Amino acid sequence: MATENESSPLRTSDTRRCFSKTSISVYSSHFLSAWGDRMWSFGVGIFLIYLNPGSLQLTAIYGLCMGFSVLLFGAFIGDIVDNTPRLKAAQVALVFQNSFVVTSAILIYLYLEYKDEINGWGEWAKFVFYAITIILGVFSRLNSLARKLAVEKDWIVEICKGDTDALANMTATLRRIDLTTQVLAPMATGIIMGSTGVEIGALFIGGWNLVSVIVEYYLLWMVYTTVPALRAKKDFIKAKGINKKSKPKEGREMEDVVYAKVKADDDHDAKKEEEGQIHDASGIEVETSEKVKQTTPLRMNETSVDGGAEGLEDDGEEEAEPDKENTCCSKMLVTVERLYKGWPIYIKYPVAHAGIGLACLYMTVLGLDNVTVGYAKMQGVSELQLGLIQGIAAFFGIVGTLFYPLMRKRLGLVRTGIFGFSFLVMTLVPCVISVWMPGSPFDLTKGFEAGGSDKVVAKNCTDSISPPSSGAVVIPYNTSSTSVPAIKICAKQLEETRSQISIWMLLAGIVTARFGLWIGDLSITQLFLQEVREEERGKVNGVQTSLNQLMGLLKYLMVILLPFSHQFGLTVIISFSSICLGWCFYAYYLRKVRGHFLPHCKGQNGSIVQDNDTGNAELYNNNAAP
């Protein structure tokens, strides 16, 4: 007994020390990866405008391809991650992701540096370069998805070993890192681009990814070798001599039963061991599977169709080729199939109307994505200013997350959501007004021609102007001379062209709207967690994710059809209408579950009916009965 008492504190200390080192390695790797992702996502919006000035079409096509690739290949990526050894899946995805970013950055630098020579080859050279840039971006996006699924959805569960408190703390810390990089990375990128130029900024982003991939690779390897649970499945299969792929399907089904029984027995024996060692790491694997199903039903639904990763494992290599083709087709159409099969379950919940309202927020250009960043750059906003705006917007979002729990406690969950939606609509009203403010290029009389870009003036080209007379003297813009009337006319035209009242009003509305956006998003997320039954969370959340993605694709389609700056005001109006429609859907949900819309209303007996934020209409009716 003395030995046990002396060894237990030692084992606990070693475990804590190991877990602390492991956590630091995970956080460091995630910080480097998140920082690189934020830098690239901010920079690519500016790069695309320099590649195709005067139009947002290339930017919209790039975003459309990113979203469409996730819809088509997201299920494949999830299955590959599930059926690949953990270290290999994470490291291969990491290397390929950074390699594609580095290659894209180098190509963008070369194009910007030798643009005239490349365009001299012909129009085909420009379109080939566009296609290569988009393809590299798609590959980078898919590998980024694979890395996140491998590390953030699997590794941390194994590292925490069933400790829900540790899992919550690690997940929260990773989220804080994401928010921190969302504030700082765009600022740093904007400062670099503003002081050294866009070409050097592209090289810097490529260099960052080139250096960080080496450090991240080592950190992942160190975490993998430190935590035995990450090697559990591979070691267990090797020790037991199980090769499920080499056996007929019927034999593997029987073997699955034996496999689970052995794992349960090993877990029971491990608890009895005084030395606390993990035998074959079997019990952890069962626990992890159940935890993933409960805590991340969305991911399980995204990576599988009617059976998940387990169903994929049951498909042996000796399956007939038509079956494989059917599986591929079903996974390629996973979003459509998810909507078709899950919609009847989804719509039966009252919270579905709130979810539809949330999906309406995705079809908008009133957010700081590549489209809005590109438009702001076309209107003369510098890279440094854009970086600062991105950081300020992220700060407003963080403040919204801090206010959310306080408001939920005071106002109730449902009313907190309507407050977030209402604040979002009110702060976006200036964005609509900005369409008609001085400096706005909005002019639908020009139709679908590119004439609206004539008002765009590069900051390096506005230091001086030439009078429209026959004189050859170049007069500075800030001259005080008023002897030549033509100079007054040119100065007035240039002043009107350089007016940025419209763009700054647009950006101010977008930045402040992040506060209400996060409050509304968090409210609806919690409503889904509370109101959807556990056995149907995967399908319901899958439908919600599909709706969000489809609405996001509609946004990019809208910009492709209206790509020029003089048409952007129309996309702003359509986006604002979509957000107002989302408010209406949430207001309908609020009225349905509470029985009334106003904060207080009188019941049939004249008494005041108090708010009920359970989100359950039937429960509300029972409580409100006289």
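Within every chain, residues take consecutive numbers counted from 1 along the sequence as written. Given that this is a predicted model, residues contribute local features only at a pLDDT of at least 70 and side-chain atom pairs are listed and counted only at 80 or more, while totals for whole chains, interfaces and linings are drawn from all residues. Working from all heavy atoms in the structure, the side-chain values ignore hydrogens and water.

Structural notes on the packing of aromatic side chains
Aromatic ring pairs are reported here in terms of the distance separating the ring centres and the angle at which the planes meet.
Logical step 1: Only Phe, Tyr and Trp rings are paired, with Trp represented by its six-membered ring, and only when their centres lie within 6.5 Å; those with planes under 30 degrees apart are stacked, over 60 edge-to-face, the remainder tilted. Under the definition given, this model contains 19 aromatic pairs.
Logical step 2: Taken together, a centroid distance of 6.1 Å and an interplanar angle of 35° make the contact between Trp-35 and Trp-208 tilted. In this pair, Trp-35 sits in helix 1 (residues 2-51) while Trp-208 sits in helix 7 (residues 198-226), placing the two residues 173 residues apart along the sequence.
Logical step 3: To sort residues, take the accessible area from a 1.4 Å probe on protein chains only and compare it with the maximum for the residue type: under 20% means buried, over 50% means exposed, and anything in between is partly exposed. Overall, Trp-208 belongs to the partly exposed group, its relative accessible area being 24%.
Logical step 4: Between the aromatic rings of Trp-40 and Phe-47, the centroid separation amounts to 6.2 Å while the plane-to-plane angle is 50°, which identifies the pairing as tilted.
Logical step 5: A residue is classified by how much of its surface remains accessible, and Trp-40, at 10% relative accessible area, is buried.
Logical step 6: In this structure Phe-47 comes out as buried when scored by relative accessible area, which is 0%. Strands here are runs of E lasting at least two residues and helices are runs of H or I lasting at least four, both read from the DSSP assignment and numbered beginning at the N terminus.

Remarks on helix 16 (residues 370-378)
Logical step 1: Here helix 16 lies mainly inside the structure; 9 of its 9 residues are buried.
Logical step 2: For helix 16, the complete set of buried residues consists of Asn-370, Val-371, Thr-372, Val-373, Gly-374, Tyr-375, Ala-376, Lys-377 and Met-378.

Let's talk about the nonpolar core
Logical step 1: Among buried residues, the Ala, Val, Leu, Ile, Met, Phe, Trp, Tyr and Cys ones that are joined through side-chain atoms within 4.5 Å form a nonpolar core. By size, the foremost hydrophobic cluster in this structure holds 130 residues, and its most contacted members are Trp-40, Trp-155, Leu-366, Leu-506 and Tyr-586.
Logical step 2: Counting residues per element, this core draws most heavily on helix 5 (residues 123-160), which supplies 16 residues.
Logical step 3: Contacts are assigned to residue pairs with any non-hydrogen atoms lying within 4.5 Å of each other. Those residues within four positions of Trp-155 in sequence are excluded, and the remaining contacts are Arg-86, Leu-87, Ala-90, Ala-150, Leu-220, Val-223, Tyr-224 and Leu-230.

Points about the side chain of Thr-22
Logical step 1: Here Thr-22 shows up in helix 1.
Logical step 2: Overall, Thr-22 belongs to the buried group, its relative accessible area being 3%.

Some details on the side chain of Thr-364
Logical step 1: By secondary structure assignment, the location of Thr-364 is in the loop between helix 15 (351-360) and helix 16.
Logical step 2: Here a polar contact is taken to be a pair of N or O atoms separated by no more than 3.5 Å, where protein atoms must pair a possible hydrogen donor with a possible acceptor and residues adjacent in sequence count only if both atoms sit in side chains. Engagement of the side chain of Thr-364 in a polar contact is seen with the backbone nitrogen of Leu-366, the distance being 2.9 Å.
Logical step 3: Excluding residues that lie within four positions of it along the chain, Thr-364 makes contacts with Asp-369, Lys-555, Ser-575 and Ile-579.

Remarks on the confidence of the model for the chain
Logical step 1: Known as pLDDT, the predictor's confidence for each residue is given on a scale from 0 to 100. Of the residues in the chain, 67% have a pLDDT of 70 or more, and the chain-wide mean is 74.
Logical step 2: Overall, residues 452-497 carries pLDDT values under 50, and its contacts beyond four positions in sequence, including any with other chains, amount to 44 contacts.
Logical step 3: Here residues 602-626 is a poorly scored stretch, pLDDT under 50, and it has 44 contacts once near neighbours within four places are set aside; other chains count.

A look at a nonpolar patch on the surface
Logical step 1: Residues qualify for a patch when their relative accessible area is over 30% and they have no salt bridge, like charges being joined within 9 Å and the nonpolar side chains of Val, Leu, Ile, Met, Phe, Trp and Tyr within 5 Å. Only the protein chains shown count as cover for residues, and all accessible areas are computed by the Shrake-Rupley method using a 1.4 Å probe. Salt-bridge detection follows one rule: a side-chain nitrogen of Lys or Arg within 4 Å of a carboxyl oxygen of Asp or Glu. There is a patch of nonpolar side chains on the surface, built from Ile-106, Leu-110, Tyr-114, Ile-200 and Leu-203 and spanning about 410 Å² of accessible area.
Logical step 2: Those elements that provide at least two residues to the nonpolar patch are helix 3 (86-113) and helix 7.
Logical step 3: Take Tyr-114: it is sitting in the loop between helix 3 and helix 4 (115-119).
Logical step 4: For Tyr-114, a relative accessible area of 43% gives the class partly exposed.

With respect to the packing of helix 20 (residues 501-531) against helix 22 (residues 568-594)
Logical step 1: Fitted lines through C-alpha atoms give the axes, limited to the stretch in contact for helices. The angle between two N-to-C directions lies from 0 to 180 degrees. One way to put it is that helix 20 packs onto helix 22 with a least axis distance of 13 Å and a crossing angle of 30°. Taken together, the axes of helix 20 and helix 22 lie roughly parallel to each other. Considering how the two elements wind past one another, helix 20 and helix 22 form a crossing that is left-handed. Counted together, Leu-506, Ile-524 and Leu-527 of helix 20 and Phe-568, Val-572, Tyr-586 and Tyr-589 of helix 22 form the full contact between these two elements.
Logical step 2: We call Asp, Glu, Lys and Arg charged. Ala, Val, Leu, Ile, Met, Phe, Trp, Tyr, Cys and Pro are nonpolar, and the rest, Gly among them, are polar. Along the lines of polarity and charge, the residues of the contact of helix 20 with helix 22 split into 7 nonpolar, no polar and no charged. Convention used here: angles under 35 degrees read as roughly parallel, angles over 145 as roughly antiparallel, angles from 65 to 115 as roughly perpendicular, and any remaining angle as oblique. Note on convention: near helix rotated counterclockwise from far helix by under a right angle means a left-handed crossing. Clockwise means right-handed.

Quick notes on the environment of Phe-421
Logical step 1: For Phe-421, the position within the fold is in helix 18 (residues 413-433).
Logical step 2: Each C-alpha atom, one on Phe-421 and one on Trp-583, is 5.9 Å from the other, the two residues being 162 residues apart in sequence.
Logical step 3: In contact with Phe-421, not counting residues within four places along its chain, are Gly-357, Leu-358, Leu-361, Gly-520, Ile-524, Gly-582, Trp-583 and Tyr-586.

Quick notes on the environment of Ala-202
Logical step 1: When you line up the elements, Ala-202 lands in helix 7.
Logical step 2: The spacing of Ala-202 and Ala-105 is 97 residues in sequence and 5.2 Å in space, taken between C-alpha atoms.

What about the pattern of salt bridges?
Logical step 1: On inspection of all chains with the given rule, the structure shows 9 salt bridges.
Logical step 2: Here Arg-86 makes a salt bridge to Glu-158, at a shortest N to O gap of 3.2 Å. Residue Arg-86 is located in helix 3, and its partner Glu-158 is located in helix 5; the two are separated by 72 residues in the primary sequence. Each member of the pair, Arg-86 as well as Glu-158, carries the same accessibility label: buried.
Logical step 3: With a shortest N-O distance of 3.1 Å, Glu-536 and Arg-533 are connected by a salt bridge.
Logical step 4: Classification of Glu-536 as buried rests on a relative accessible area of 10%.

Quick word on empty space enclosed by the protein
Logical step 1: Only protein atoms enter the 1 Å grid, on which a cavity is a set of points fitting a 1.4 Å probe that cannot get out and a pocket is an open set with protein on both sides within 12 Å along at least 5 of 7 lines, lining residues being those with an atom within 4 Å of a point. Grid points are joined across faces, edges and corners, and a volume is the space filled by probe spheres set on the points. Inspection of every chain in the model, using the stated rule, returns 4 cavities of 30 Å³ or more.
Logical step 2: Empty space within the largest cavity amounts to approximately 100 Å³.
Logical step 3: Lining the largest cavity we find 13 residues, and of these Val-26, Ser-29, His-30, Val-151 and Leu-220 sit closest to its centre.
Logical step 4: Put simply, the parts of the chain that give the lining of the largest cavity at least two residues each are helix 1, helix 5 and helix 7.
Logical step 5: The element best represented in the lining of the largest cavity is helix 5, accounting for 5 residues.
Logical step 6: For the lining of the largest cavity, a count of residues per class yields 8 nonpolar, 2 polar and 3 charged.
Logical step 7: Estimates place the volume of the second largest cavity at around 60 Å³.
Logical step 8: Residue lining of the second largest cavity: 13 residues in total, with Tyr-375, Val-435, Ser-440, Phe-568 and Gly-569 positioned closest to the centre.
Logical step 9: Taken together, the elements giving at least two residues each to the lining of the second largest cavity come down to helix 20 and helix 22.
Logical step 10: Here the element with the most residues in the lining of the second largest cavity is helix 22; it accounts for 3 residues.

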